[in-house]
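# An overview of the molecular structure
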Amino acid sequence: MGGMAEDSILEIFNRHVKRNGVFKNRDALSPHYIPSNLPYREEQVKELSETVAPILSGRKPENVFIYGKTGTGKTVVTRYVLKRLGEFAKEREIPVNTVYINCRIHNTRSSVFIKIGRELLPDDNFLGLSTAYIYERILGKVREADIRLMVVLDEIDKLKGISETVYALNRANDELEKGSISIIGISNVLTLKDSLDPRTKSTLCQREMIFPPYNAEGLRKILEDRAKEGFREGAVSDGAIALAAAYAARQSGDARYALQLLLRAGDIAEEEGASAVTEEHVEKAKERVEEDIILEMIEALPEQEQILLLAMAKLVLAKKGQKTLGSGEVVITSGEAYEAYSKLARELGKDPVSDRWFREYISELAMYGILNVVQAGKGFRGNTRIIKLLFSPVKIADVLQRVLVA
DNA sequence: CATCCACGGGAAACCTTGGGCG
DNA sequence: CGCCCAAGGTTTCCCGTGGATG
């Protein structure tokens, strides 16, 4: 740690002090930000508002199931409408409560109930209590204060025991003389509906909404709006926005991707000390965003496949410089990979799967585009194939080390 | 040609889940 | 409520096949 490191640290810190970067409010580009208007989703906003509005006159709104691909605005429209509903109700002192639950985090019935309980009764501690008890406490509160509750279950496909949860929440309405509970379920898994049992399906899907993907024009409008909020005046070129919109349109109209692209482009522009975001920045951001997505995906992979990938990454790093093939790329045969994998699995205290199943994993990962598998050809015995990681082994190892140790 | 590495289909074994029944 | 069994899904086991070597 000599002068060099010191200098580069100073440089980083300085960059963050002198706030003449491209961003004005970086959060406006984040997927969690709720903008003040939602272009190209006016229809959906209207329909959802109509659906929840009866709550204001004391009637229980129908349950809604919202379906659409990632980045089609499901979550943001829901949060937007409920936020406005909450504000409206508060002004008029109507007892409306909304609870937003992301089922990827709260993925069991009890953790959903705990989350609702915390929202309604912030002073109580629900940990360690039975689900039935929490349920009764919630019901008691709803009844006592005549609360009209809206529960949003986002990424509901990730919830274990959808039926039980939906059924329990809905059944509450039969037991309540005052107050009500309505459900909004959100998912990007189209087949989810078919996998539900008929009773759950008819309960949850009293009303259905489908969110279509944005077209390039819509994406451009979204980016323009957000750029106005997020960037300084003139710190982002029209060309950059158009390019980001075009890439995202190709990614099946994913607005989250578009925003991520612009956000990363902004980061890169700042790193380079540029005064404005250009098309080149967007171009460079594309790689980074794709990497972000892959890393996110890797984090969500089944444990065994993560172990496999970590073993592969470590193997690549260990072999760097040795055994190379022409181009200087590291070569790994499936035999070696399996050995490394089973060793690592045992180190982590897990039973390795058979080599047969291992091969299934390999082809699955190849399908996702994380790995690449090719016939080895001459120089190797028989039908040997070589496996390549398509992403930086350092980053893969980084992410997985963290995930697997915890 | 025998041997080796590895692939991938299919049967068998094992595990999970949910419904029926005492 | 607990037990058991059927159905389904997952994983292993077994094996024939193909390609490259010596």
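The shown structure was predicted, so the numbers you read here are calculated from the model rather than taken from an experiment. (Residues numbered from 1 in each chain as written. Chains lettered and ligands numbered in written order. Predicted model: local features only at pLDDT ≥ 70, side-chain atom pairs only at ≥ 80, totals over all residues. Heavy atoms only, no water.)

## Regarding the overall build of chain A
Note the cut-off: Helix and strand labels come from DSSP, where a helix needs a run of H or I of at least four residues and a strand needs a run of E of at least two; each type is numbered from the N terminus. When accessible area is computed with a 1.4 Å probe and restricted to protein chains, residues below 20% of their type maximum are described as buried, those above 50% as exposed, and intermediate ones as partly exposed. Whether two residues touch is decided by their heavy atoms; if any such pair falls within 4.5 Å, the residues are in contact. Neither His nor the chain ends contribute to the count of charged residues, in which Lys and Arg are positive and Asp and Glu negative. For charged residues, the charge sits on one atom: NZ in Lys, CZ in Arg, CG in Asp, CD in Glu.
A count of helices and strands for chain A gives 16 helices and 10 strands. Summarising its shape, the C-alpha atoms of chain A cover approximately 75 × 55 × 45 Å along the three principal directions. For chain A, buried positions account for 43% of its 406 residues. In chain A, the share of contacts with a sequence separation of at least 24, taken over all contacts with a separation of at least 6, comes to 72%. Considering chain A, the positive charge centre built from 58 side chains and the negative charge centre built from 59 side chains are found 2 Å apart.

## Focus on the pattern of salt bridges
Selection rule: Any carboxyl oxygen of Asp or Glu within 4 Å of a side-chain nitrogen of Lys or Arg constitutes a salt bridge here.
Scanning all chains against the criterion turns up 22 salt bridges. R143 serves as the salt-bridge partner of E177, at 3.2 Å between the closest nitrogen and oxygen. Of this pair, E177 sits in the loop between α6 (162-175) and β4 (180-187) while R143 sits in helix α5 (residues 131-145), and the two are 34 residues apart along the sequence. The salt bridge partner of R288 is E271, with a shortest N-O separation of 3.2 Å. Of this pair, R288 sits in helix α12 (residues 279-299) while E271 is found in helix α11 (residues 255-271), placing the two residues 17 residues apart along the sequence. Using a relative accessible area of 27% as the deciding quantity, one classes R288 as partly exposed. Salt bridges here are not isolated pairs; linked through shared partners, they connect R26, R264, D267 and D292.

## A few points about the sheet that holds strand β9 (residues 371-375)
The condition that has to hold: Strands qualify as paired when DSSP identifies two bridges or more between them. An axis is simply a line fitted to the C-alpha atoms; with a helix, the fit covers only the stretch in contact. Between two such axes, the angle follows the N-to-C directions and lies from 0 to 180 degrees.
Here we have three strands laid out as an open sheet, ordered β8-β10-β9, and antiparallel in their pairing. Edge positions in the sheet fall to β8 (332-333) and β9, since each of these pairs with one other strand and no more. In the sheet, β9 pairs with strand β10 (residues 385-389) via five bridges, with the strands oriented antiparallel. Bridge assignment links L371 to a residue of β10, and that residue is L389. Together, β8, β9 and β10 form the strand contacts of helix α13 (residues 303-319), whose direction differs from that of β10 by roughly 95 degrees.

## Brief notes about the protein's contact with DNA strand B
For clarity, the threshold we go by: When at least one non-hydrogen atom of a residue lies within 4 Å of a molecule or strand, that residue is treated as near it. Any pair of N or O atoms that falls within 3.5 Å is considered a polar contact. Within protein, one atom must be able to donate a hydrogen and the other to accept it, and sequence-neighbouring residues count only if both atoms are side-chain atoms. Residues were grouped as follows: Ala, Val, Leu, Ile, Met, Phe, Trp, Tyr, Cys and Pro as nonpolar; Asp, Glu, Lys and Arg as charged; and all remaining residues, including Gly, as polar.
Every residue lining DNA strand B is accounted for by T333, S334, G335, R356, R359, R381, N383, T384 and R385. Counted by atom, the contact set of DNA strand B within 4 Å of the protein is 53% sugar and phosphate. For DNA strand B, a phosphate oxygen lies 2.6 Å from a polar atom in the side chain of S334. The side chain of R356 places a nitrogen or oxygen atom 2.8 Å from a base oxygen of DNA strand B. Per-class residue counts for the surface near DNA strand B are no nonpolar, five polar and four charged.

## A closer look at a negative patch on the surface
For clarity, the cut-off: Each patch is assembled from residues with relative accessible area greater than 30% and no salt bridge, linking like charges that lie within 9 Å and nonpolar side chains (Val, Leu, Ile, Met, Phe, Trp, Tyr) that lie within 5 Å. Per-residue and other accessible areas were derived by the Shrake-Rupley procedure at a 1.4 Å probe size, with only the shown protein chains allowed to occlude residues.
A cluster of like negative charges, contributed by E279, E280, E283, E287 and E290, occupies part of the molecular surface. Examined against the element boundaries, E280 turns out to sit in helix α12.

## As for the domain arrangement of chain A
The condition that has to hold: An automatic or database domain assignment provides the domain bounds reported here. Here the quantity called buried area is the accessible surface, traced with a 1.4 Å probe, that two parts lose on coming together, added over both.
Partitioning chain A into structural domains gives domain 1 (3-22 + 214-299), domain 2 (42-211) and domain 3 (303-405). Once you take the C-alpha centre of each, domain 1 and domain 2 turn out to be 34 Å apart. In this assembly, six residues from domain 1 lie in contact with five residues from domain 2. Between domain 1 and domain 2 the total buried area reaches about 420 Å² when both faces are included, carbon and sulfur atoms providing 44% of it. Broken down residue by residue, the surface that domain 1 buries against domain 2 is led by Y214, S252 and D254, which jointly contribute 65%. On inspection of domain 1 and its partner domain 2, the count reaches zero salt bridges. Across the domain 1-domain 2 interface, the total number found is one residue pair in polar contact (both at pLDDT 80 or more). The class makeup of the residues in the side of domain 1 that touches domain 2 is two nonpolar, two polar and two charged.

## So, the nonpolar core
One broad trend across soluble globular proteins is that nonpolar side chains are buried collectively. Operational definition: Residues belong to a common nonpolar core when they are buried Ala, Val, Leu, Ile, Met, Phe, Trp, Tyr or Cys residues joined through side-chain atoms within 4.5 Å.
Within the largest apolar cluster, 35 residues are counted, with the highest numbers of intra-cluster contacts made by F113, I116 and L153. Mapped by element, the contributors of at least two residues to this core are β1 (64-68), β2 (96-102), α4 (109-120), α5, β3 (148-154), α6 and β4. Sequence-distant contacts of I116, defined by excluding residues within four places in its chain, comprise V99, I101, I138, L149, V151 and L169. Grouped together as the second largest cluster of nonpolar side chains are 33 residues, L310, A337, A340 and L400 included.

## Describing the environment of G379
By secondary structure assignment, the location of G379 is in the loop between β9 and β10. Sequence separation between G379 and S187 is 192 residues; the distance between their C-alpha atoms is 49 Å.

## Things to note about the protein's contact with DNA strand C
Around DNA strand C, a shell composed of 12 residues is seen, among which S354, R356, W357, G382 and N383 lie nearest. The sugar-phosphate portion of DNA strand C accounts for 55% of its atoms within 4 Å of the protein, the bases making up the rest. In this structure, S354 approaches DNA strand C through a main-chain N or O atom, which is 2.9 Å from a phosphate oxygen. Within the side chain of W357, an N or O atom sits 3.3 Å from a phosphate oxygen of DNA strand C. Its residues assigned to classes, the surface near DNA strand C shows four nonpolar, five polar and three charged.

## Focus: the packing of α4 against α6
One can describe the packing of α4 onto α6 by two numbers: an axis separation of 9 Å at closest approach and a directional angle of 40 degrees. Here α4 contributes R109, V112, F113 and I116 to the contact with α6, which in turn contributes E164, T165, A168 and L169. When the residues that make up the contact of α4 with α6 are grouped by side-chain class, the tally is five nonpolar, one polar and two charged.

## Some thoughts on the sheet that holds strand β5 (residues 207-211)
Pairing is parallel in the open sheet, where five strands are placed in the order β2-β3-β4-β1-β5. In the strand order of this sheet, the two ends are held by β2 and β5, each with one partner. On average, each strand axis in the sheet is inclined to that of its neighbour by 15 degrees, with strand direction left out of account. Strands in contact with α6 are β3 and β4; relative to β4, the strand with the most contacts, it is inclined by about 155 degrees.

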